[in-house]
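# Structural characterization, general
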2 protein chains.
Amino acid sequence: MTAERDGAKRSRGRRVTQREIADIVGVSSATVSYAFNGTPGVSEDVRQRILTVAKDLGFRPNRTAQGLRRGRMNMIGLLLADIANPFYPELSSGVINAASAHGSQVFLAQVGLGGMLQAEAARNLVDRGCDGLVFTSVVDGDTELLRELQAADTPFVYANRRVDAIPADWVHVDDFAASREAAEWVVRSGRLQVAVIGGPSESSVSHDRARGALAALGAAGLSPVDERLIDGELSRDSGRERCAALLDSGAAVDAIVCGNDMIALGVMDVCHARGVLIPEDVAIVGFDDMSFASAGPLQLSTVTVPRQLMGERAVAMLFDRIDGYDGPPREECLPHQLRIRATTGPRTAGPTDQRGTA
Amino acid sequence: MTAERDGAKRSRGRRVTQREIADIVGVSSATVSYAFNGTPGVSEDVRQRILTVAKDLGFRPNRTAQGLRRGRMNMIGLLLADIANPFYPELSSGVINAASAHGSQVFLAQVGLGGMLQAEAARNLVDRGCDGLVFTSVVDGDTELLRELQAADTPFVYANRRVDAIPADWVHVDDFAASREAAEWVVRSGRLQVAVIGGPSESSVSHDRARGALAALGAAGLSPVDERLIDGELSRDSGRERCAALLDSGAAVDAIVCGNDMIALGVMDVCHARGVLIPEDVAIVGFDDMSFASAGPLQLSTVTVPRQLMGERAVAMLFDRIDGYDGPPREECLPHQLRIRATTGPRTAGPTDQRGTA
DNA sequence: CGATTGGCCTTAATCGATTAAGGAGGTGTC
DNA sequence: GACACCTCCTTAATCGATTAAGGCCAATCG
C-alpha cells in the first residue's frame, strides 16, 4: 500500500518510460517524445498534461536509449596517467566544468598505474559512445591508437602532451621556452654546476622541458651535471631517488632544475634529510607551480602553468570538432610565468660536495 | 580507393555492426551475437569465421546498445565537490582502479564550483545508466536526493562523508577520535590558547573533526579561542582568511587545529607572511596528510587518512550492492594515524599577541 | 459545395545489440 | 518407418527513445 512497499517490489532501475506516460495521458509515445523535445505540432493542452504526468511519476529520459537513437551521448572521455599527480586534477576540473557548460559530462579513465593501457581505455570510451576524447598523457607508443581514431573520424585533442607524428588539435604551454627561462635564471644567478632531473623522454612535454634547460646551459657554455639523471618519472619518489644518486655520486652541484614540482618535492626531501641547504648550497627550480609550491616555508621557484584554463581550452577545441569543424589541426599556446621564490635565492656556500653521509 | 578516402567518406562514428558481419559471413545477426558472448550452440567453424571477419573489420560492440538491452552499463558514478582539492584525486584513484578491476568505468561529476548541484549531477548519472554511485561530498541538503535513490533502489555508498538521516553503506575514518588525538597532542605539549579552524558544519566529517578537537580541549578544561572560526570552507583561502581574522582580533593563540591540510596551508601562509614562528609561537596541526604535508621544509603535523584505500573499499561495498547484496547498511572504519612532524614542536615563545601588522 | 490547407496525432521504422522460441536437418532407437 | 532428440541456426520481440511519413478533422477558399 505504501510507497515504500512499491519501491521494494519493483526491480532495480524500474523507471518510468515515455510509453507509460503516453498510456496514462491517452496519446501515442511519439507525442510524448515531441512534447519533451519541444517539437512543434503538439497542442498546449496535451503538452501540459504530458508534462504534469511526467512530473508526478518522476519521469526521467533514458539517456542510453536517447544516445543510441541520436548517435550522440553528450559525453566526452578524459584520459590521464595518474589523477593523484596534482597536475591533473586542476586540468580535469577545467575539462569537467567546460564540458558541463556544453551540456556534456566526463568519463574518466586512468591509464597505466593499475588501470588499463591507454589504447584499451580509449577504445572503451569510444565504445561507450563518447563524442570525443581529451588526451593528457599520450606517449609515442600510442601512435597506432591515434591513427585508428583519426581513421574513424573520432574527434580528440591533446592537452599538454602531444604525439609529434600524429598532428591534432593541441593546447599547451611553451615548455621549451619556459624551461629555458627557468634554467637561465639559475645560471644568471651564478650557479655553474647545474643538474637536470626531468621526466620521461617519451613524453613530449618532458622532452621539451629538458631541451629547454639544456639550451640555457649550452648558451652559457655549461653542460648538465649528470646526463643520465635527465630521464625518469615525474614523481616525488623518482625525484628522491635521482637526487640521492646525484649526491651519492659525489659530483659537485649547486642547482637542480626539475621536470616538475613533484620531482622538486622529492629533491627537497633528500636535501632536507641530508642537511643540504636550499638555496644556500643548492638552488632548486620546479615546474607547474602546484599549490604546495607557494606553501608558507616551502617557497619553491617554479613555472606557472594555467592548468584549469588548459582543460577549458582543450574542451573548447574538442567541441569545435564535435560540432563539425573540419579544418587543419590547431595549436593553442597558453601563457606561462616564471615564478621566482626562495629556492633559487642567492648562493652563499661554495659548490657543495656532500658525500651523502645522511 | 584508399582506406583514407573511405574513412573520409563515411560519416563520423560509422562503425561496423554485428549485422554487417552477419551479412558477410552469411549467418543471422543473432548467431554473431551468440558467437561473441560464448553462448553455446554455435559451431566452431562458424564461430571462427565470425571472429575473423570481426577482427578484419575492426568490429567493436556498441556498449550503448548493449547497455540498453542488458539494463546494465557497467559503469559507476563518482561525485565529488572539488577534484582540485588534493583529498579527492587519491580517493578517486582508488575508485577508478577498483572499478576497473570489476570491469567497470567511472563517470565523474564535480558538484558545486561551477559544476552542477549534487542532486542534478546524481540524477544525470543515473539517467545515463550508472549501476551505482559513490558520494564523497554529501551534505545534509542532499537528503531528498538520497531518499529518492533509495526509493528507486539505486545502489550508492558514502565515502568519507555521510548524511546521518539516510543510513547507507559508508567507508570512513574515525574523524572524531583522530581529531581528538591531534588536539590532545597539542594540549599535552603545553599549548593553552588553542584555536580550531574547521570545515563546513554541514559536512559530517568536518562536524566530527570539530567535535573531536573540542572534546580534547574540554577534557583539559580549555575552550577554543574563537568559536566563530570553527565553521568555514576546507580551502586554503578560507584558512588564510580565518587565520588573518584570528591574528587581527588580537586574541592570544599558541596553537591552531585545522579541519584539513588545505586550511593548515592557508594558516601557514599567513603566519609566514606575518613573521609568526611555527612552532615556536604557534603550533599547527592539519588533517589528511596530503602529499605536501611531509614536504622538505614544511613538515606539517597531521592525521593520515588512507584515501586510496577508502576509494577501493567504497567500490567494493558498492559492487556488493550492485551484485545483489540486500542486507542492512554496513559501515567500514579505516585506520588513521597521527603523524607528528615539526609544526607541533616545542613552544618557546610566550603566547603570541601579534596585532597583524604585516 | 468540393478542394485545399493546417493543426495535431498516430503508425511504424530505426538505433545495435540480446535472447526466448522455433525450425531444419541429421542421428539414434525400437 | 516413426518418433524422439540433438545440434546449429533463424525469426522476431525487446530495451526506450527519436523521427519520417501519413491520417483525420475542422477551417478556409474559390
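Residue indices begin from 1 for each chain and proceed along its sequence in written order. Following the order in which they are written, the chains are lettered starting with A and the ligands numbered starting with 1. Per-residue local features are limited, in this predicted model, to residues with pLDDT of at least 70; the limit for side-chain atom pairs, both in listing and counting, is 80 or more; totals at the level of whole chains, interfaces and linings are taken over all residues. Each side-chain value is worked out from all heavy atoms of the structure, with water and hydrogens disregarded.

### Thoughts on the UniProt feature "domain: HTH lacI-type" (unreviewed entry) in chain A
UniProt positions are given in the numbering used here, feature names are shortened, and annotations may be inferred rather than shown by experiment. Under the UniProt annotation, "domain: HTH lacI-type" (unreviewed entry) lies at residues 16-70 of chain A. Segments assigned H or I by DSSP are reported as helices when at least four residues long, segments assigned E as strands when at least two residues long, and all are numbered from the N terminus. Annotated as 71% helix and 0% strand, the span residues 16-70 of chain A places its first and last C-alpha atoms 20 Å apart.

### Comments concerning the packing of helix H2 (residues 18-25) of chain B against helix H3 (residues 29-37) of chain B
Helix packing geometry: the angle between the two helix axes and the distance between the axes. Residue and element names in this part refer to chain B. Every axis corresponds to a line fitted to the C-alpha atoms, with the helix fit spanning only the stretch in contact, and the corresponding angles, defined between N-to-C directions, vary from 0 to 180 degrees. Two elements in contact, H2 and H3, have axes whose closest approach is 8 Å; the angle formed by their N-to-C orientations is 105°. As the angle between them shows, H2 and H3 are arranged roughly perpendicular. Between H2 and H3, the contacting residues are Gln18, Arg19, Ile21 and Ala22 on the first element and Ser29, Val32, Ser33 and Phe36 on the second. Polar here means any residue outside two lists: the nonpolar Ala, Val, Leu, Ile, Met, Phe, Trp, Tyr, Cys and Pro, and the charged Asp, Glu, Lys and Arg; Gly therefore counts as polar. Residue composition of the contact of H2 with H3, by class: four nonpolar, three polar and one charged. Throughout, the term roughly parallel applies to angles under 35 degrees, roughly antiparallel to angles over 145, roughly perpendicular to angles from 65 to 115, and oblique to all others. Note on definitions: a residue-residue contact is assigned when non-hydrogen atoms from the two residues lie within 4.5 Å.

### Quick word on the interface of chain A and chain B
Quite often, the size of an interface is put as the accessible area lost when its parts meet. Across the boundary between the two partners, chain A contributes 63 residues, which contact 61 residues of chain B. Counting each side, the surface lost to burial between chain A and chain B is near 5,300 Å², with a carbon and sulfur contribution of 52%. The salt bridge definition used is simple: a Lys or Arg side-chain nitrogen within 4 Å of an Asp or Glu carboxyl oxygen. Scanning the region where chain A abuts chain B turns up four salt bridges. A salt bridge links arginine 60 of chain B to aspartate 127 of chain A; its shortest N-O distance comes to 2.3 Å. N or O atoms closer than or at 3.5 Å make up a polar contact, with two conditions inside protein: a donor-capable atom paired with an acceptor-capable one, and, for residues adjacent in sequence, both atoms drawn from side chains. The interface formed by chain A and chain B contains 24 residue pairs in polar contact (both at pLDDT 80 or more). Looking at the side of chain A that touches chain B, the elements that each hand over two or more residues are helix H5 (63-70), helix H6 (87-101), strand E2 (105-110), helix H7 (118-127), helix H12 (261-274) and helix H13 (307-322) of chain A. Here the residues of the side of chain A that touches chain B sort into 28 nonpolar, 21 polar and 14 charged. Buried area: the accessible area, evaluated with a 1.4 Å probe, that two parts lose upon being put together, summed over both parts.

### A few points about the domain arrangement of chain A
Residue and element names in this part refer to chain A. All domain edges in this entry derive from an automatic or database-based domain assignment. In terms of domain boundaries, chain A breaks down into domain 1 (3-61), domain 2 (73-168 + 306-333) and domain 3 (175-301 + 340-344). A straight line from the C-alpha centre of domain 2 to that of domain 3 covers 29 Å. Counting from both sides, the interface comprises nine residues of domain 2 and, opposite them, 13 residues of domain 3. For the domain 2 face of the interface with domain 3, the top three residues by lost area are Arg161, Arg162 and Arg307, together amounting to 41%. Where aspartate 208 meets arginine 162, a salt bridge forms, and the shortest distance between an N and an O atom there is 3.4 Å. At the surface where domain 2 touches domain 3, the tally comes to five residue pairs in polar contact (both at pLDDT 80 or more). Across the side of domain 2 that touches domain 3, the residue classes break down as three nonpolar, two polar and four charged.

### Topic: the packing of H6 of chain A against H13 of chain A
Residue and element names in this part refer to chain A. In contact at an axis separation of 7 Å, H6 and H13 are set at 40° when each is read in the N-to-C sense. Accordingly, the angle class assigned to the pair H6 and H13 is oblique. The chirality of how H6 crosses H13 is right-handed. Here H6 contributes Phe87, Glu90, Leu91, Ser93, Gly94, Val95, Asn97, Ala98 and Ala99 to the contact with H13, which in turn contributes Arg307, Gln308, Met310, Gly311, Glu312, Val315 and Phe319. For the contact of H6 with H13, a count of residues per class yields eight nonpolar, five polar and three charged. What makes a crossing left-handed is the near helix being turned counterclockwise from the far one by less than a right angle; a clockwise turn instead makes it right-handed.

### Observations regarding the relation of the copies chain A and chain B
Of the transformation superimposing chain A on chain B, the axial component is 0.0 Å and the angular component is 180°, with the fit at an RMSD of 0.1 Å. Each copy turns onto its partner about a two-fold axis. Closest approach to the rotation axis among the C-alpha atoms of chain A is made by phenylalanine 107 of chain A, whose C-alpha sits 2.3 Å away. Most of the interface of chain A is mirrored in chain B: 97% of its interface residues are interface residues there too. Only residues with pLDDT of at least 70 in both copies contribute their C-alpha atoms to the least-squares superposition of the copies.

### Some words on the pattern of salt bridges
A full pass over the atoms with the stated rule returns 50 salt bridges over all chains. In this structure, aspartate 131 of chain B and arginine 72 of chain B form a salt bridge, with 3.7 Å as the shortest nitrogen-oxygen distance. On the criterion of sequence distance, the pair formed by aspartate 131 of chain B in the loop between helix H7 (118-127) and strand E3 (132-135) and arginine 72 of chain B in the loop between helix H5 (63-70) and strand E1 (75-80) is long-range, its members being 59 residues apart. Accessible area is worked out with a 1.4 Å probe on protein chains only. A residue is then buried under 20% of its type maximum, exposed over 50%, and partly exposed in between. Classification of arginine 72 of chain B as partly exposed rests on a relative accessible area of 30%. In this structure, aspartate 269 of chain B engages arginine 236 of chain B in a salt bridge whose closest nitrogen and oxygen atoms are separated by 2.7 Å. Highlighted residues: aspartate 269 of chain B in helix H12 (residues 261-274) and arginine 236 of chain B in helix H11 (residues 236-248), separated in sequence by 33 residues. By relative accessible area, which is 10% here, arginine 236 of chain B ends up buried. Via salt bridges that share partners, Arg162, Asp164, Asp208 and Arg211 of chain A belong to a single interconnected network.

### A closer look at the nonpolar core
Nonpolar core, defined: a set of buried Ala, Val, Leu, Ile, Met, Phe, Trp, Tyr and Cys residues in which side-chain atoms within 4.5 Å join the residues together. Among the nonpolar cores identified, the biggest contains 145 residues, and Ile76 and Ile256 of chain A together with Ile76 and Ile256 of chain B are the most heavily contacted of them. Ignoring sequence-local partners within four residues, the contact set of isoleucine 256 of chain A consists of Ala195, Ile197, Cys243, Leu246, Val267, Val282, Ala283, Ile284 and Val285 of chain A. Residues Met73, Leu133 and Val163 of chain A together with Ala168 of chain B belong to the second largest nonpolar core, which totals 48 residues.

### Digging into the protein's contact with DNA strand D
By convention in these notes, a residue is near a molecule or strand provided one of its non-hydrogen atoms lies within 4 Å of it. The local shell around DNA strand D holds 26 residues, among which Ser33 and Arg69 of chain A together with Ser28, Ser43 and Arg69 of chain B are the closest. When atoms of DNA strand D within 4 Å of the protein are sorted by moiety, sugar and phosphate together comprise 55%. The backbone of glutamine 18 of chain A places a nitrogen or oxygen atom 2.6 Å from a phosphate oxygen of DNA strand D. Within the contact set of DNA strand D, a base nitrogen lies 3.4 Å away from a backbone nitrogen or oxygen of alanine 65 of chain A.

### A closer look at the sheet that holds strand E7 (residues 255-258) of chain A
Backbone-to-backbone hydrogen bonds join strands into a sheet, with any given pair of strands oriented parallel or antiparallel. All names here are of chain A. Should DSSP find at least two bridges between two strands, the strands are taken to pair. Sheet architecture is open: three strands sit in the order E6-E7-E8, paired in parallel fashion. Two strands lie at the open edges of the sheet, namely strand E6 (194-197) and strand E8 (283-285), each paired on one side alone. The sheet shows a mean angle of 15° between the axes of neighbouring strands, taken without regard to direction. Both E6 and E7 contribute to a ladder of four bridges, which runs parallel. Across the sheet, isoleucine 197 pairs through a bridge with cysteine 258, a residue of E7.

### Structural notes on unusual backbone geometry
The omega angle of the peptide bond from isoleucine 278 of chain A to proline 279 of chain A is 5°, so this bond is cis rather than trans. The topology assignment puts proline 279 of chain A in the loop between H12 and E8. Its identity as a non-glycine residue notwithstanding, asparagine 160 of chain B has a phi of 75°, on the positive side. Assignment of secondary structure puts asparagine 160 of chain B in the loop between strand E4 (156-159) and strand E5 (170-173). With a phi close to 115°, aspartate 288 of chain B is a non-glycine residue in the positive phi region.

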